[in-house]
Amino acid sequence: MLVIQPTQAAPPGAASDPAFPTGAAAETEELQQQGVSEPQPWDQAAFDAFTDEGDAEFAPAATEAGWSSALAAENSPVRQEITAESLGVEPVAIKEAATAAADDCASSYNYNFHDYECQAFVGDFVFLYDIKDNPGDTRGVPAAAGPNGRPNAVVDMVNAIAEAQSAYREMGYDVDPGDGPWAVIVGLNDTQEGWFNGGAFALPFGANDQPMIILPSDPGLDDSDNYDYLPRHEFFHIVQYQYWDDTGEISWAYVRDWMGGSDFKTMNWWMESTAEWAALMSYRLQPYDPANPTAAMMYADSISEFLGDPGRALNAADDLGSSRQYSTFLLAFYMNETTGSMNAVRKTWEHIRDHDSTPITAIKAVLTGYGLDIPSTLLGFSVANYRLAEEQGGAPPNPMAGYGYADLERTVWRDFLMGDSRTDDHLLGDYRPYRTTRAVPMGTQETYTAMIEPGGSAYFDFSAVQNSGDPTDGYQSELTIATEDRDDLEYVAMVWSPQGSPGTLSEYPYAARAVYPAVNNVITITDYAYPMVVTLIATRTDLQTNSVEADGDGREYRFRVRALVPLDNPSCNLSNLTVSNLQDDGVAPEQQFLDYAEDTPNGWTGGDSTYSVRLPDGDLLWLFSDTFLGPLNDDGTRPVTAPLINSTFVRQEGGTFSTIQGGTTANPEAIMPPPEANHWYWLGDGMISRQGGTDYLQVIFQEYLRFGDGDWDWRFDQNVVATFSLSDLSEPIRVEALPSQAGAWGSALLPASQSGDGYTYIYGLADAPTDKKQRIARVHGSDIGATEKWQFWTANGWTAYESDTGIGLNGIANEYSVTKWNGQYLLVSQDSTVGFSNKVYAYTSCSPAGPFTNQSLLYQMPETGMFGVPYYDERIFAYNPHIHATLSSGNRFVMSYNVNTFDSRMTAEGSHYTDPSIYKPRFISFTLN
């Protein structure tokens, strides 16, 4: 190795304060004013317990600044005055000493098979460099020089390294060159045909058996910035090498081992991360030439590489000189701030030196020594990186405490994210780490996955949608985020709104609040509404010490996101039901229907479903599905020629009945004619809908289709709602498609005028031969056709997606009824747990959405089966029990049900023709106690 001796000694500098660096005092005061907590007390016992070794000394030693008189060569007047003041000498002395720089190029010096034209001894360094003799030369520094002949580029490098050396000493680092000066070889990569891709580099070996700095002769970009910034960064590597190998000698074999394998990447990650941070510190602690204002920002120019891929391992490292290693400088800032100590980063290097450890082990040891929890600190780091803003709130238990950066450089970091597609502005405003952004309307139930490596993070922005939620409560819904129960994951949700949003919610990056998971690992936001954005921040908290092993060690995490309107859980006094005063003979209007059927020449003579709606004028409107029309024969039988249509209305005005149908008297049609051959409609419940100040009748119809010749070869197709003008009930003024994915809707309706909460409840079922399952939906107001406002019941809340509809009561019938009664809700249904059961049960609930409990036997329909009265016919069955709120009052109820036969013959011998009484509704009344 070439041995180079300095031509002059460096003057001594001032010692630093061993407790806290003097040069950082102003910054410390500034940080404290910005809300940074008091420095964490150092816990040596905790540190020793973590490392299993003791007696580590962390107090910075008093060292000399090591400034050189040659520092001032070609400096600006401002820098000369600052230098003179720092050294305690007169400016004139500096100027005289600086003239010696003209002798730099008196003779050449050979290093690594290249003759360098010039050398400059400056303090603890010797610079070897060439000068571009002609504008077309590709090697050498630019020839522009000051009066003393030293090129301005070299002067910038000299100044930068001298200032950095002084700053690093103030920070407590050991920067003693030992037996000889460190070499700075300018342009070695040019002479060796592009070593290190032509960039700057610091080798752990070189001239004088010392680490040495290699700088490009032409750094490119803005030369003035690079000549100032690069030397500071590379000199910190010289510092690091002294901690990395405490013997001071790193052999070629040692270097090959580290550079050729994963060990080198492991160390290189923390070397580059902390060198970027240290370069900025050197600018802060020692003033620099204001002619190069952007030089001090160059440390942050790779930040988007880290924040653009935050799920990658914290200590992931790419090839030598790649941006990834540089981009995690934020961790150095955060460590110092979260510990409240400017020495935290230095302690990691001291731990590496004293314990021969990896950087991750050292980082964990230092944080533990300050009493910090590793998982919580990593989560705090992730949140701070998303906000890139000052800390909010005060000390714990304030949930916002610790989430931010006090350092004013945060605005610089944010600016460097601009223009990168991964980190550019979207949704919230301003620039921030890569994130998954999703609009989450009410009803969303989605599972998202994230691949996160050790120490990495995932960010999800979930934005509320305008007018999506509960209209009775400011369109709010309840957002829940559930995660798997994993020990290696910490997560929190930040609540805010985009910049420029209306309302009082805090705008990003100032969160309104931080919400943590409950014991069930679920985060719940109860007031989720536009323009709110909830950002889930999830951090993997286990760390891999080896960078190569950590990089690619991804684990998939799942997050279940739901935005639902919470279920109401009102309380009321539910008791077991008892039935008394049962009357099953002569209950109106059963006899009126019989009389009407006997007398009508062409109206209703039998039908099923039997829903009822009270019209605004007081009349009752009865709704029937399959309907036989008259007349009957004189002997009471039904002629085979009697029309059978799929739906009719019967209007009851007092004791007078009239049939409403489609078509003409001669050619009657259903109220809802079939849409096409082999299709038909059966109706469900109906109600009065008030729209725009006008009352209408709305009835839900289910469309069915036949697919074969068998009696049961037909199936449900879709739901529609028909809206009728009250002035003409013979045909709808419009028909609108309804949700149909979950099954048939319209089994029962509870209008908003009766529900008590402003919603119309729509009941349905998932059909099956037995054990039919209840479905429940609702719409705010009284327009069933407003399908965009439909909400569907789930066990966790109301959703906007029919596909997520939950199952309510089991054993429900195709048609049933729900009635508000005595501060609770009464459901009456035939039992479907057994096929064609004759049992009718009553249930009660405190909510129109259930749960319906207190099953009580209400009635057993007597007509069914071989022993049924009065038919004694095994083909007879009963179905469709309905409570008629239109005829009920107080505790006294009127219920109807239908009777039918499996004898489907359409001949004179068929049961429907020989005995028309079969296909008519029965009415009973009873008292509930």
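For the structure itself, look to the data block above.
Rules used in this analysis
Each chain has its residues counted from 1, following the order in which its sequence is written. Only residues with pLDDT of at least 70 are given local features in this predicted model, and only at 80 or more are side-chain atom pairs given and counted; all residues enter the totals for whole chains, interfaces and linings. Side-chain numbers here rest on the full set of heavy atoms in the structure, without hydrogens or water. Within this analysis, patches are made of residues with over 30% relative accessible area and no salt bridge. Like charges are joined at 9 Å or less; nonpolar side chains (Val, Leu, Ile, Met, Phe, Trp, Tyr) at 5 Å or less. We get accessible surface area from the Shrake-Rupley algorithm with a probe of 1.4 Å; when it comes to residues, only the shown protein chains can shield them. In what follows, salt bridge is the name for a side-chain nitrogen of Lys or Arg lying within 4 Å of a carboxyl oxygen of Asp or Glu. Working definition: helices are DSSP H or I runs of at least four residues, strands are E runs of at least two. Numbering for both runs from the N terminus. Buried residues are those whose accessible area, probed at 1.4 Å on protein chains only, stays under 20% of the maximum for their type, while exposed residues exceed 50% and partly exposed ones sit between those limits. Here, a strand pair is defined by DSSP locating no fewer than two bridges between the strands. Whenever a pair of cysteine sulfur atoms sits within 2.5 Å, that pair is classed as a disulfide. Here an angle of 0 to 180 degrees is reported between the N-to-C directions of two axes, which are lines fitted to C-alpha atoms, with helices fitted over the stretch in contact. Throughout, the term roughly parallel applies to angles under 35 degrees, roughly antiparallel to angles over 145, roughly perpendicular to angles from 65 to 115, and oblique to all others. If you view the pair so one helix is near and one far, a crossing is left-handed when the near helix is turned anticlockwise from the far one by less than a right angle, and right-handed when it is turned clockwise. What makes two residues a contact is simply this: any of their non-hydrogen atoms within 4.5 Å.

### So, a nonpolar patch on the surface
Next up, step 1: A surface patch of nonpolar side chains, amounting to about 370 Å² of accessible area, comprises W712, F836 and F902.
Next up, step 2: Its place among the elements puts F836 in the loop between β35 (824-830) and β36 (839-845).

### Quick notes on the pairing of strand β3 (residues 118-122)
Next up, step 1: In terms of burial, β3 is largely enclosed, as five of its five residues are buried.
Next up, step 2: Here β3 shows no split at all, with C118, A120 and V122 on one side and Q119 and F121 on the other all buried.
Next up, step 3: As defined by bridge partners, β3 adjoins strand β4 (residues 125-129) across five bridges and the pair is classed as antiparallel. When the sheet's bridge partners are listed, Q119 is paired in β4 with L128.
Next up, step 4: Taken together, β3 and the strand that follows it, β4, pair antiparallel across an intervening segment of two residues, in which G123 is found at a positive phi of about 60°.

### Thoughts on the pairing of strand β10 (residues 457-464)
Next up, step 1: The buried count for β10 comes to eight of eight residues, which makes it a mostly enclosed element.
Next up, step 2: Burial along β10 is two-sided: S457, Y459, D461 and S463 and A458, F460, F462 and A464, pointing in opposite directions, are all buried.
Next up, step 3: Relative to β10, strand β8 (residues 436-440) runs parallel, the two being bridged by five bridges. Across the sheet, T437 pairs through a bridge with D461, a residue of β10.

### A closer look at the state of the cysteines
Next up, step 1: Inspection of the entire model under this criterion finds two disulfides.
Next up, step 2: Here C105 connects covalently by a disulfide to C118, the sulfurs 1.8 Å from one another. Taking the sign of the S-S torsion, 100° for the link of C105 and C118, the bridge is right-handed. In this pair, C105 sits in the loop between α4 (91-98) and β1 (109-110) while C118 sits in strand β3, placing the two residues 13 residues apart along the sequence.

### Some thoughts on the packing of helix α13 (residues 344-355) against helix α14 (residues 359-369)
Next up, step 1: At a minimum axis separation of 8 Å, α13 and α14 run at an interaxial angle of 125°. One element, α13, and the other, α14, form an angle in the oblique class. Viewed along their axes, α13 and α14 form a crossing whose handedness is right-handed. For the pair formed by α13 and α14, the contact residues are A344, K347, T348, H351 and I352 on the first element and P359, T361, A362, I363, A365 and V366 on the second.

### Observations concerning unusual backbone geometry
Next up, step 1: A cis amide bond links Y508 with the next residue in sequence, P509, at an omega value of 10°.
Next up, step 2: With respect to the element layout, P509 can be found in the loop between β12 (489-496) and β13 (513-515).
Next up, step 3: Its identity is not glycine, yet Y475 carries a phi of approximately 55°, on the positive side.
Next up, step 4: The topology assignment puts Y475 in the loop between β10 and β11 (477-483).
Next up, step 5: A positive phi is found at N822, a non-glycine position, where the angle reads about 55°.
Next up, step 6: Topologically, N822 is positioned in the loop between β34 (817-821) and β35.
Next up, step 7: Classification of N822 as exposed rests on a relative accessible area of 57%.

### Points about the sheet that holds strand β25 (residues 679-691)
Next up, step 1: Pairing is antiparallel in the open sheet, where four strands are placed in the order β25-β26-β27-β28. Each having just a single partner strand, β25 and β28 (734-737) make up the two edges of the open sheet. Recorded for the sheet is a direction-independent mean angle of 25° between the axes of neighbouring strands.
Next up, step 2: The pairing of strand β27 (residues 714-725) with β28 spans four bridges and is antiparallel. Note on β28: the bridge partner recorded for A722 is V735.

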